[in-house]
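Listed below are the residues making up each chain.
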Amino acid sequence: MLGHCASLSSPLFGALSSARVLSRTPFVRKYTPWSVEKEPHVLPKVSDIIKEDEIHKILRDTKPLASDKGRIRSILDKAKDRATLKLVKTECKSEYVQGLDLDEVATLLNIDPEKNPDLMQELYNTALQIKRQVYGNRIVLFAPLYLSNYCINSCTYCAFRGPNIDLHRAKLSREEIIAEAQAIQRVGHKRVLVLCGESPKYTFDDFLDSLNLVKSVRTPPHGEFRRINVEIPSLSVSDFRRLKATNCVGTYTLFQETYHRPSYHKFHPYGPKADYDNRVLTFDRAQIAKVDDVGIGALFGLYDHRFEVLAMFQQAAHLEKTYGAGPHTISIPRMQPALNAPTSAAPPYPVDDAHFKQLVATIRCAVPYTGMILSTRESPSMRKQLLQMGVSQMSAGSRTEVGSYHKGDDVSGDENLVNRATQQNKQKEKREKDSDGQFTLMDERPAREVIADLLQDGYIPSWCTACYRMGRTGEAFMAIAKRGDISNFCHPNSLLTLREYLEDYASPEVKKIGEKVIERELANIPDAERRESTENKLTQIETTPTRDLYF
């Protein structure tokens, strides 16, 4: 369970109070490691984790099988059976259940979408069936919070890269952190992903103090963060221990970007992030430090997307086998344009919509119980489609510019739709003209609009964090899943968080839609006693100031 964070009485906060800096100074190729190892550890060989030759061979060998309808259907049947845990003979120690082996994953990825539309539809249908079985129609929502865009790395696809002297550099002061957190809470978010670049101008000590501050923020009427995930640079074992000691962090996320070693070196020419092996072994160091809730991902567009998916699964299998804890989430970012980031303007391996949907559906079939995260890199239309293919978590109302939430560029939910659309278009034009974001957003909708659209499409927007806080993770969660009891826990808990949102943040029209969703979804709670208890808790939220109720 997430507890209280450490004291905020750090001397660093005195400096942070006036720390917002705008800079266009020339970039100098000098750097101090953000995180220095203070403990000796023997780590595995990266070549034993990411086996590039094996991946290429699998992709070649399975290509002829990808047009065999019988073979494809047998793989999909296996994925469905594995998702029900019928084929799992032993107790599951973690939520990472690999439903398909690498050969089967490669076979699905090798299907030609143009030549085999019927097989593709069967793949999509299977992914949706598996998702509904595990996650129902719940969609977990969160917002990213950028603390600093100072960075000494050279990633050629990212606007935050050190050589980009046209980017306004900034790090949030103490007051700005509070203002940003409050702005995010005021639209109803209970989950936040905290991010920063890698630079001595914003140290790991700075980050830890900021993390404590973010956790402490409260906003009327009932704003708070119940889960804080982080996406920060690679850490040493000793610094992972310090991160763990804050008792603030849910999931530690890090993208390998590309698992293809030659491409990795090409797109990360210098800086601490240029060390391929060090980055791959980040999660081994995390596990040694008992940070066992991790999220992995690749940036699709840097290399063959099929290779990246198989490499992600190789790393995930290594973590599960070695430490008994595979990744909690898999992120699926697709490259978008970024300021002065040449690779982003012309991705070397662009992934079109058909192949992107294919890889998302394949991942869901392969790992039924692993959360799949979608960002605002995708358009509203594509995000809507991908929800039907396996995505279980998504950001809403995201901003990737440091300090942008509290500057009033969100519009009031009480305005009519025409005025709202006009203002949103003006805001979009302004951001595109003078953007200091990490990448171009393809979904500019404010959080309330994302939530309203989800409700109208029959989904349950969820901010539930109960399982983490009750210790129902890993083996405990899988025991619930194996007996088919998820709907008696996750489903009612998601309805309780939705009721909170409707009472505290929703417009009258959205509240009406949400209440109909709750009324409909109550009937889908299998256990009659749990259904009655849920109704009682819903009434308590509606009629009293009581919040944060869960099973």
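Residues numbered from 1 in each chain as written. Predicted model: local features only at pLDDT ≥ 70, side-chain atom pairs only at ≥ 80, totals over all residues. Heavy atoms only, no water.

Student: Help me get a handle on the pairing of strand β1 (residues 138-146), residues and values and all.
Tutor: Summarising burial for β1: nine of the nine residues are buried, a large majority. Two strands pair when backbone bridges link them, and β1 and strand β9 (residues 460-462) are joined in this way by three bridges, in the parallel orientation. By the bridge assignment for β9, Ile139 is matched with Pro461. Here β1 pairs with strand β8 (residues 393-395) via three bridges, running parallel. Each residue of the ladder has a partner; that of Leu141, found in β8, is Met394. Relative to strand β2 (residues 191-195), β1 runs parallel, the two being bridged by four bridges. The partner of Leu145 across the bridge, within β2, is Val194. In this fold, the crossover linking β1 to β2 by way of helix α6 (residues 174-185) has right-handed handedness. (Buried < 20%, exposed > 50% of the residue type's maximum accessible area, 1.4 Å probe, protein only. Helix = DSSP H or I, 4+ residues; strand = E, 2+ residues; numbered from the N terminus. Pairing = 2+ DSSP bridges. Right-handed = clockwise from strand over helix to strand, strands pointing away.)

Student: A description of the packing of aromatic side chains should follow, citing residues and the corresponding values.
Tutor: Here the distance between the centres and the angle between the planes together describe a pair of aromatic rings. Tallied over the entire structure, the rule returns 11 aromatic pairs. Ring geometry for Phe204 and Phe207: centres 6.4 Å apart, planes at 15°, overall stacked. With Phe204 and Phe207 both in helix α7 (residues 204-216), this residue pair falls three residues apart, about one helical turn. Each member of the pair, Phe204 as well as Phe207, is classed as buried. In textbook terms, an aromatic cluster arises when at least three aromatic residues are bridged by ring pairs, as seen for Trp34, Phe204 and Phe207. Stacked on the ring of Tyr468, the Lys or Arg Arg227 has its end atom at 3.5 Å from the ring centre. Above the ring of Phe439, the side-chain terminus of Arg377 is found at 3.8 Å from the ring centroid. (Phe/Tyr/Trp six-rings, centres within 6.5 Å; stacked < 30°, edge-to-face > 60°. Lys NZ or Arg CZ within 6 Å of the ring centre and 35° of its normal.)

Student: Which residues make up the pairing of strand β5 (residues 294-297), and what values go with them?
Tutor: A two-sided burial pattern is seen for β5, the buried positions comprising Val294 and Ile296 on one face and Gly295 and Gly297 on the other. Of the strand pairs in this sheet, strand β4 (residues 249-253) and β5 are connected by two bridges, and their pairing is parallel. Residue pairing in the sheet places Tyr252 in a bridge with Val294 of β5. Pairing of β5 with strand β6 (residues 329-331), which is carried by three bridges, proceeds in the parallel orientation. Bridge pairing links Gly295 to Thr329 in β6. For the handedness criterion, the β-α-β arrangement of β5, helix α12 (residues 305-323) and β6 is classed as right-handed.

Student: Could you give an account of the pattern of salt bridges, with specific residues and numbers?
Tutor: Following the criterion strictly, the structure yields 30 salt bridges and no others. We note a salt bridge from Glu224 to Arg226, for which the minimum N-O separation is 3.1 Å. Under the relative-accessibility criterion, Glu224 is labelled buried at 18%. Under the relative-accessibility criterion, Arg226 is labelled buried at 4%. Note that Asp293 and Arg227 form a salt bridge whose closest N and O atoms lie 2.9 Å from each other. Placement of the pair is Asp293 in the loop between α11 (282-288) and β5 and Arg227 in strand β3 (residues 227-231), with a sequence separation of 66 residues. Judged by its relative accessible area of 3%, Arg227 is buried. In the salt-bridge network here, residues are joined through shared partners; they are Arg218, Glu224, Arg226, Arg469, Glu500 and Asp548. (Salt bridge = Lys/Arg side-chain N within 4 Å of Asp/Glu carboxyl O.)

Student: Explain unusual backbone geometry to me, and be specific about the residues and the numbers.
Tutor: A cis amide bond links Pro220 with the next residue in sequence, Pro221, at an omega value of 0°. The residue Pro221 is located in the loop between α7 and β3 in this model. Its identity is not glycine, yet Asn247 carries a phi of approximately 55°, on the positive side. Here Asn247 falls in the partly exposed class, since its relative accessible area comes to 35%. In this structure, Glu257 is a non-glycine residue whose phi angle is positive, near 75°. Within the fold, Glu257 resides in the loop between β4 and α9 (261-267). A relative accessible area of 8% means that Glu257 is categorised as buried.

Student: Give me the side chain of Gln336: which residues, what numbers.
Tutor: Examined against the element boundaries, Gln336 turns out to sit in the loop between β6 and α13 (342-345). A distance of 2.9 Å separates the side chain of Gln336 from the backbone oxygen of Arg377, its partner in a polar contact. Residue contacts for Gln336: discarding those within four places in its chain leaves Ser344, Arg377, Glu378, Phe439, Thr440 and Met442. (Polar contact = N/O pair within 3.5 Å; in protein donor to acceptor, adjacent residues only side chain to side chain. Contact = heavy atoms within 4.5 Å.)

Student: How would you sum up a negative patch on the surface? Please name residues and give values.
Tutor: Residues Asp527, Glu529, Glu532 and Glu535 make up a contiguous surface patch of negative charge. Summarising the element assignment, Glu532 is placed in helix α22 (residues 528-543). (Patch = residues over 30% accessible without salt bridge, like charges linked within 9 Å, V, L, I, M, F, W, Y side chains within 5 Å. Areas by Shrake-Rupley, 256 points an atom, 1.4 Å probe, with all protein chains shown as cover. Lys, Arg positive; Asp, Glu negative; His and termini not counted. Charge placed at Lys NZ, Arg CZ, Asp CG, Glu CD.)

Student: Provide a residue-level description of the state of the cysteines, including the pertinent values.
Tutor: For the structure shown, the criterion picks out zero disulfides. Cysteine Cys158 is unpaired, with the sulfur of Cys155 as its nearest cysteine sulfur at 5.9 Å. Here Cys158 falls in the buried class, since its relative accessible area comes to 10%. We note that Cys467 lacks a disulfide partner, and the nearest cysteine sulfur, in Cys490, lies 4.5 Å from it. Of the residues examined, Cys467 reaches a relative accessible area of 12% and is grouped as buried. (Disulfide = S-S within 2.5 Å.)

Student: Mind laying out the packing of helix α3 (residues 69-83) against helix α5 (residues 117-135), listing which residues take part and the relevant values?
Tutor: Closest axis-to-axis distance for the α3/α5 pair is 10 Å, and the angle between their directions is 5°. Between α3 and α5, the crossing angle belongs to the class labelled roughly parallel. Along its contact with α3, which presents Lys69, Ile72, Arg73, Leu76, Ala79, Lys80 and Ala83, the element α5 presents Asp118, Leu119, Glu122, Leu123, Thr126, Gln129, Ile130 and Gln133. Of the residues assigned to the contact of α3 with α5, the class counts are seven nonpolar, three polar and five charged. (Axes fitted to C-alpha atoms, helices over the stretch in contact; angles between N-to-C directions. Parallel < 35°, antiparallel > 145°, perpendicular 65-115°, else oblique. Nonpolar A, V, L, I, M, F, W, Y, C, P; charged D, E, K, R; others polar.)

Student: Just give me the short version of the confidence of the model for the protein chain, but keep the residues and values in it.
Tutor: Residues at a pLDDT of 70 or more form 86% of the protein chain, whose mean pLDDT is 89. Below pLDDT 50 for its whole length, residues 411-418 participates in 11 contacts with residues either more than four positions away or in separate chains. (pLDDT = per-residue confidence, 0-100.)

Student: How would you sum up the nonpolar core? Please name residues and give values.
Tutor: With 147 residues, the main nonpolar core has Phe207, Leu243, Tyr252, Phe313, Ile332, Leu359 and Ile363 as its most contacted residues. Leave out the neighbours within four places in its chain, and Phe207 touches Trp34, Leu147, Val194, Cys196, Tyr202, Val230, Ile232 and Leu243. In this structure, Val134, Tyr369, Phe489 and Cys490 belong to the second largest nonpolar core, which totals 10 residues. (Core = buried A, V, L, I, M, F, W, Y, C linked by side-chain atoms within 4.5 Å.)

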